[in-house]
Amino acid sequence: MMSETVAIIDYGSGNLHSAAKAFERAAREAGLGATRIVVTSDPDTVSSADRVVLPGVGAYADCRKGLDSVDGMVEAMTHAAQDRGRPFLGICVGMQLLASRGLEYEITPGFGWIAGDVRPIRPSDPDLKIPHMGWNTLRPERPHALLDGIPTGEDGLHAYFVHSYALDPTDRTDVVAESEYGGPVTALVARDNVAGTQFHPEKSQHLGLALLANFLRWRP
């Protein structure tokens, strides 16, 4: 495999150091050592990258404003993902920004790449606390390359979540996997070359490293 550049977008939000280290380890363990992991706030680097990663933590509106404040960044990532068809991965709020809009305190437009709204989690069990914080297994809704070789279901590997809002997709075929927290919670979505995880793969140990390795090999 030829050397590729993975651009992790730096717009002031996300676990950038942890994400970069996790990608470097996943590449190394998958035998993709020539992969170049770059944390960048440069739109030109993002626009020309082979793969793009959008992390995000905090409030939806704040993340959107932070991204918009980097001149040319939204256009660059749109060019990479939508025009060039490069594999794109959103993480946590980065995944939520793929939606049509977020409903956290105010209505904030997303990118509309995965149609739907980001809504508050409302567990059926009143004893379940918000935010949803901790380890959960994944329940696959359909096969996808990002889950290849990863044990899922009740006896599967666990992913680490920390969030109060979740994506409610308009088209259920966009859902790759759900988790359970007093009802189903969207955990992994994908459409064409764009995917997103509500959980943090960079904090999800074996599952996370396997998913990141799958993303580095993904040829949508």
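Residues numbered from 1 in each chain as written. Predicted model: local features only at pLDDT ≥ 70, side-chain atom pairs only at ≥ 80, totals over all residues. Heavy atoms only, no water.

**A look at the overall build of the protein**
(1) Moving on: Tallying secondary structure elements over the protein gives six helices and 14 strands in all.
(2) Moving on: Expressed as a percentage of the 220 residues in the protein, the buried residues total 55%.
(3) Moving on: The long-range fraction of contacts in the protein, counting pairs at least 24 apart against all pairs at least 6 apart in sequence, stands at 73%.
(4) Moving on: A total of about 9,700 Å² of accessible surface is found on the protein, and carbon and sulfur atoms cover 47% of it. (Helix = DSSP H or I, 4+ residues; strand = E, 2+ residues; numbered from the N terminus. Buried < 20%, exposed > 50% of the residue type's maximum accessible area, 1.4 Å probe, protein only. Contact = heavy atoms within 4.5 Å. Areas by Shrake-Rupley, 256 points an atom, 1.4 Å probe, with all protein chains shown as cover.)

**Here we look at the packing of aromatic side chains**
(1) Moving on: For the structure shown, the criterion picks out six aromatic pairs.
(2) Moving on: Ring geometry for phenylalanine 215 and tryptophan 218: centres 6.2 Å apart, planes at 50°, overall tilted.
(3) Moving on: Assessed through its relative accessible area of 6%, tryptophan 218 is described here as buried.
(4) Moving on: Pairwise contacts between aromatic rings join Phe23, Phe215 and Trp218 into one cluster.
(5) Moving on: Above the face of the phenylalanine 215 ring, arginine 51 is positioned so that its terminal group lies 5.8 Å from the ring centre. (Phe/Tyr/Trp six-rings, centres within 6.5 Å; stacked < 30°, edge-to-face > 60°. Lys NZ or Arg CZ within 6 Å of the ring centre and 35° of its normal.)

**Description of the UniProt feature "domain: Glutamine amidotransferase" (unreviewed entry) in the protein**
(1) Moving on: UniProt records the feature "domain: Glutamine amidotransferase" (unreviewed entry) at residues 18–216, using the numbering of this structure.
(2) Moving on: Counted over residues 18–216, helix gives 27% and strand 30%. Its end C-alpha atoms are 17 Å apart. (UniProt positions renumbered as here; feature names shortened; annotations may be inferred.)

**Some remarks on the environment of valine 46**
(1) Moving on: Checked against the element boundaries, valine 46 lands in helix α2 (residues 43–48).
(2) Moving on: Distance in space between the C-alpha atoms of valine 46 and serine 18 is 19 Å, their sequence separation being 28 residues.
(3) Moving on: Apart from residues no more than four positions distant in its own chain, valine 46 is found in contact with Ala7, Ile9, Thr40, Val52, Met73, Ala76, Met77 and Ala80.

**Some remarks on the packing of helix α1 (residues 16–29) against helix α6 (residues 205–217)**
The relative placement of two packed helices comes down to the angle between their axes together with the axis-to-axis distance.
(1) Moving on: Interhelical geometry of α1 versus α6 gives an angle of 75° and a closest axis separation of 8 Å. Relative to α6, the element α1 lies roughly perpendicular. Across from Ala22, Phe23, Arg25, Ala26, Ala27 and Glu29 in α1, the residues of α6 making contact are Leu209, Leu212, Ala213, Phe215 and Leu216.
(2) Moving on: For the contact of α1 with α6, the per-class residue count stands at nine nonpolar, no polar and two charged. (Axes fitted to C-alpha atoms, helices over the stretch in contact; angles between N-to-C directions. Parallel < 35°, antiparallel > 145°, perpendicular 65-115°, else oblique. Nonpolar A, V, L, I, M, F, W, Y, C, P; charged D, E, K, R; others polar.)

**Some points on the sheet that holds strand β13 (residues 184–191)**
(1) Moving on: If you walk across this open sheet you meet the eight strands as β2-β1-β3-β4-β14-β13-β12-β9, and the pairing is mixed. Edge positions in the sheet fall to β2 (36–40) and β9 (139–140), since each of these pairs with one other strand and no more.
(2) Moving on: Bridge count between strand β12 (residues 175–180) and β13: five bridges; the pairing is antiparallel. Within β13, the position partnered with glutamate 180 by the bridge is proline 184. (Pairing = 2+ DSSP bridges.)

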